[in-house]
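# Geometric and topological summary
Residue strings, one per chain:
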Amino acid sequence: MRTPIIAGNWKMYKTIAEATALVREMRRELNEIAGVEKVLCPPFIALSNVAELIQATSINLGAQDMYWKQEGAYTGEVSPLMLQGLCQYVIVGHSERRQYFGETDEGVNRKARAAFEHGLIPIICVGENLEQNEAGLTEEWVSGQVRAALTDLTADQVSRLVVAYEPIWAIGTGKPATGAGANSVIGLVVRGTVADLFGEETAQATRIQYGGSVKPENIADLLAEPHIDGALVGGASLESDSFIRIVQAALSAG
Ligand code: PGA
């Protein structure tokens, strides 16, 4: 059985003061929800503050990105070595990074490999845009992204990583995929591609989240589906009440 995993991607929201206030507000309740893995992904600048606040809890920490090199003259970048020991997870290949910051499939793969080399679990984001979706290209596009991201990883690594299927047309739009629609891409395309590459046993172990306008109101419909193992939550993770309700719903669905 795959443990559901709910991750809050705060994106470029929350100052250090706001981040610590939010964590103080929700950590006790989140900590008490067992059976669901909870991950907070604040901006880099708040990572160590949040790490301290959740130290003695069941809540895990994730970064929103990183560079793949360990150190060097790369102004403005954050390395896996800097995240090692601080975070358990790192999001790689988010569509906003692909779209606005030139992230390529090759870069996503390098980051995924670097994450494992430094004891971090990558949350690898994939997903098609509206145009591709309407042109019937979802399967080809998403399976291509999965193949590229998993290049040169071992089956053991693939069984431990997380994939987030986030259709771009659903991110921040208030128009989520339906449970059935997301389940079909996640099951047939994402898990299917993992099975093609690494075998059925590995594919059954890999956790695959859905992301895109997840709210307390729609999480149950999504998590009722057999292939959806959790959610990567943007907007609704910025507020204590909605994030707690999403995590609680994941527990009931699991
Ligand atoms: P959203 O973002 O929940 O605000 O749609 C999800 C994401 O981009 O990870």
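Just above sits the structure.
Residues numbered from 1 in each chain as written. Predicted model: local features only at pLDDT ≥ 70, side-chain atom pairs only at ≥ 80, totals over all residues. Heavy atoms only, no water.

It is worth spelling out the nonpolar core at this point. In globular proteins that are soluble, nonpolar side chains generally tend to be buried together. Residues I6, L40, L83 and Y210 are the most contacted members of the largest nonpolar core, which totals 81 residues. Broken down by element, the residue count for this core peaks at 7 residues, all from helix α9 (residues 179–198). Residue contacts for L83: discarding those within four places in its chain leaves F44, L47, A63, D65, M66, V78, V90 and L120. (Core = buried A, V, L, I, M, F, W, Y, C linked by side-chain atoms within 4.5 Å. Buried < 20%, exposed > 50% of the residue type's maximum accessible area, 1.4 Å probe, protein only. Helix = DSSP H or I, 4+ residues; strand = E, 2+ residues; numbered from the N terminus. Contact = heavy atoms within 4.5 Å.)

All right, on to the sheet that holds strand β7 (residues 207–211) then. Within a beta sheet, neighbouring strands are joined by backbone hydrogen bonds and run either parallel or antiparallel to one another. Read around the barrel, 8 strands follow the order β1-β2-β3-β4-β5-β6-β7-β8 and close on themselves; strand pairing throughout is parallel. Between one strand axis and the next, the sheet turns by 25° as a mean value, whatever way the strands run. As defined by bridge partners, strand β3 (residues 59–63) adjoins strand β4 (residues 89–92) across 2 bridges and the pair is classed as parallel. Bridging from a neighbouring strand, A63 pairs with V90 of β4. Most of the contacts of helix α1 (residues 16–32) go to strand β2 (residues 37–41), to which it runs at about 165°, and overall it touches β2 and β3. (Pairing = 2+ DSSP bridges. Axes fitted to C-alpha atoms, helices over the stretch in contact; angles between N-to-C directions.)

Looking now at the pairing of β7. For β7, the buried fraction is high: 5 of the 5 residues fall into the buried class. Every second residue of β7 is oriented toward a common face, with R207, Q209 and G211 on one face and I208 and Y210 on the other, all of them buried. In this structure, strand β6 (residues 162–165) lies alongside β7, joined through 4 bridges in parallel fashion. Bridge pairing in β7 places A164 opposite Q209. Two elements, β7 and strand β8 (residues 230–233), share 2 bridges in a ladder whose sense is parallel. Paired with G211 across the bridge in β8 is L232.

Let's shift gears to the site of the ligand. Taken together, the neighbourhood of the ligand is formed by 13 residues, with K11, H94, E166, G172 and S213 sitting nearest. Residue E166 places a side-chain N or O atom 2.7 Å away from an oxygen atom belonging to the ligand. S213 has a polar backbone atom sitting 2.7 Å from an oxygen atom of the ligand. Residue composition of the shell around the ligand, grouped by class: 4 nonpolar, 7 polar and 2 charged. (Near = heavy atom within 4 Å. Polar contact = N/O pair within 3.5 Å; in protein donor to acceptor, adjacent residues only side chain to side chain. Nonpolar A, V, L, I, M, F, W, Y, C, P; charged D, E, K, R; others polar.)

In this structure the tally under the stated criterion is 3 aromatic pairs. Centre to centre, the rings of Y67 and W68 are 4.6 Å apart; their planes meet at 35°, and the pair counts as tilted. Relative to Y74, the ring of Y67 has its centre 5.0 Å away and its plane inclined at 50°; by these criteria the two rings are tilted. Judged by relative accessible area, which is 16%, Y67 ranks as buried. Overall, Y74 belongs to the partly exposed group, its relative accessible area being 33%. Connected via pairs of aromatic rings, a cluster forms that spans Y67, W68 and Y74. Across the ring face of F101, the terminal group of R97 is positioned such that the distance to the ring centre comes to 4.3 Å. (Phe/Tyr/Trp six-rings, centres within 6.5 Å; stacked < 30°, edge-to-face > 60°. Lys NZ or Arg CZ within 6 Å of the ring centre and 35° of its normal.)

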